[in-house]
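# Summary of the model geometry
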Amino acid sequence: RPCILNMQYKNIIWDWNGTIVNDAPLFVKTMNVLLKRNNLPLISLSDYKKNFCFPIEKYWRFLGFKFDQKTFNKFNGFFISLYKEKMFSPSLQPNIVSVFQELQNLKIKQFILSASEQSLLQKAVKHYKVSSFFSGVYGVDNLNAVGKESVGENLINNHSLNLKETILVGDTAYDYRVASKLGCACVLVSFGHFKYSRLLFKNCTVIKSVDKLRTFLVSD
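Residues numbered from 1 in each chain as written. Predicted model: local features only at pLDDT ≥ 70, side-chain atom pairs only at ≥ 80, totals over all residues. Heavy atoms only, no water.

### Description of the overall build of the protein chain
Our working definition: The helix count covers DSSP runs of H or I at least four residues long, the strand count covers runs of E at least two residues long, and both are numbered beginning at the N terminus. Just to be clear, the radius of gyration here is over C-alpha atoms, and the globule rule we use is 2.2 Å times residues to the power 0.38. Buried means the residue's accessible area, taken with a 1.4 Å probe over protein chains only, is under 20% of the maximum for its type, while exposed means over 50%, and partly exposed covers the values in between. Between two residues, a contact is recorded if the distance between any of their heavy atoms is within 4.5 Å. Each accessible area is a Shrake-Rupley result for a 1.4 Å probe, and residues are judged covered by the shown protein chains and nothing else. Under the convention used here, Asp and Glu are negative, Lys and Arg are positive, and both His and the chain ends fall outside the count. Lysine's charge is taken at NZ, arginine's at CZ, aspartate's at CG and glutamate's at CD.
The helix and strand tally for the protein chain stands at nine helices and six strands. Compactness check: the protein chain gives a C-alpha radius of gyration of 17 Å against a globular reference of 17 Å for 220 residues, within 12% of the reference. In terms of its C-alpha atoms, the protein chain occupies a principal-axis envelope of roughly 55 × 35 × 30 Å. Across the 220 residues that make up the protein chain, the buried fraction comes to 54%. The contacts of the protein chain with a sequence gap of at least 6 include a subset with a gap of at least 24, amounting to 67%. Total accessible area on the protein chain is roughly 10,800 Å²; 53% of this is exposed by carbon and sulfur atoms. One finds the centroid of the 29 positive side-chain charges in the protein chain at a distance of 3 Å from the centroid of its 16 negative side-chain charges.

Here it is, written out as structure tokens:
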């Protein structure tokens, strides 16, 4: 039977947006509504993957928005309400469910750790019918994508995970920073919200497709 990286990793922490659900195009579409309303230049998916970053305020400023914290919360609240209207329209990344299934068959524990707000995240996981694969689903307590590190620490502590046996799968520099802060391994995918060249970090593999990710996680 296949073995996972010589059984080195027994716990996999998955990011959600971009990594599991293919929603970068929806982020672009939603942002363009706000850009248009504010007479700012529209963006393409390629622009987005080249420039999107955390904290998200920094990205909004890069796009030309001007705000203080109060007006940012208003802008972002509007963005989230538009996003929520269409949040179930993106598909999951192709073949990702078969990877979950295979890992589950190997008795590998799987978790979700996201910068999405907890109740929104749980709704999404339920909608896409993948809840049964995960031992825990962890989102943040705000709409500004802040606090993923501390939520990750809760996840690690709540499930008493051995960090040497744990790997985080994500699609942004933020995921790399979170993995570094938590002290676990990291693998990044370039089919999400960041382009490949922005993910080349020390001691971190970057993967271009779900099939290659499967091969990385499950070696026959």
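Having seen the structure, we can now continue with the description.
### So, the layout of surface pockets
The line we're drawing: Here a cavity means grid points, on a 1 Å grid over the protein atoms only, where a 1.4 Å probe fits yet cannot get out; a pocket means an open set of points with protein on both sides within 12 Å along at least five of seven lines; lining residues are those with an atom within 4 Å of a point. Grid points are joined across faces, edges and corners, and a volume is the space filled by probe spheres set on the points. Only Asp, Glu, Lys and Arg are considered charged in this grouping, and only Ala, Val, Leu, Ile, Met, Phe, Trp, Tyr, Cys and Pro are considered nonpolar; every other residue, Gly among them, is considered polar.
By volume, the largest pocket is sized at about 160 Å³. Pro25, Leu26, Lys29, Thr30, Val33, Leu82, Glu85, Lys86 and Ser89 together form the lining of the largest pocket. Elements that contribute at least two residues to the lining of the largest pocket include exactly α1 (24–37) and α4 (69–86). Among the elements that make up the lining of the largest pocket, the one with the highest residue count is α1 (five residues). Classifying every residue of the lining of the largest pocket by side-chain character gives four nonpolar, two polar and three charged.

### Some remarks on the environment of Tyr196
Mapped onto the elements of the fold, Tyr196 is located in the loop between β5 (185–189) and β6 (205–207). The partly exposed category is assigned to Tyr196, whose relative accessible area is 34%. Taking the C-alpha atoms as reference points, Tyr196 and Asn39, 157 residues apart in sequence, are found 30 Å from one another. Other than its neighbours up to four places away in sequence, Tyr196 contacts Ser190, Val206 and Lys208.

### Thoughts on the pairing of β5
What counts here: Here, any two strands with at least 2 DSSP bridges between them count as paired. A right-handed crossover is one whose linking path, passing over the helix from the first strand to the second, runs clockwise when the strands point away from the viewer.
Counting buried residues along β5, four of its five residues qualify, which places the element largely inside the surrounding structure. As paired strands, strand β4 (residues 166–170) and β5 are joined by four bridges and run parallel to one another. Across the sheet, residue Ile167 finds its bridge partner in β5, namely Ala185. In this fold, β4 hands off to helix α8 (residues 173–182), which returns the chain to β5; that crossover is right-handed.

### Comments concerning the environment of Val130
Relative to the elements of secondary structure, Val130 occurs in the loop between α6 (118–127) and β3 (136–140). Sequence spacing of Val130 and Gln104 is 26 residues, and the spatial spacing of their C-alpha atoms is 12 Å.

### Description of helix α7 (residues 148–158)
We count it as follows: By construction, the arc corresponds to the directions joining the helix axis to the C-beta atoms.
Those residues of α7 not exposed but buried are Lys148, Val151, Gly152, Leu155 and Ile156. Angular distribution of buried residues about the axis of α7 spans 145°; they occupy a single face of the element. For α7, the exposed residues lying more than 90 degrees away from the buried face are Asn157 and Asn158. Where α7 is buried, its residues contact β1 (11–14), β2 (109–117), β3 and α8.

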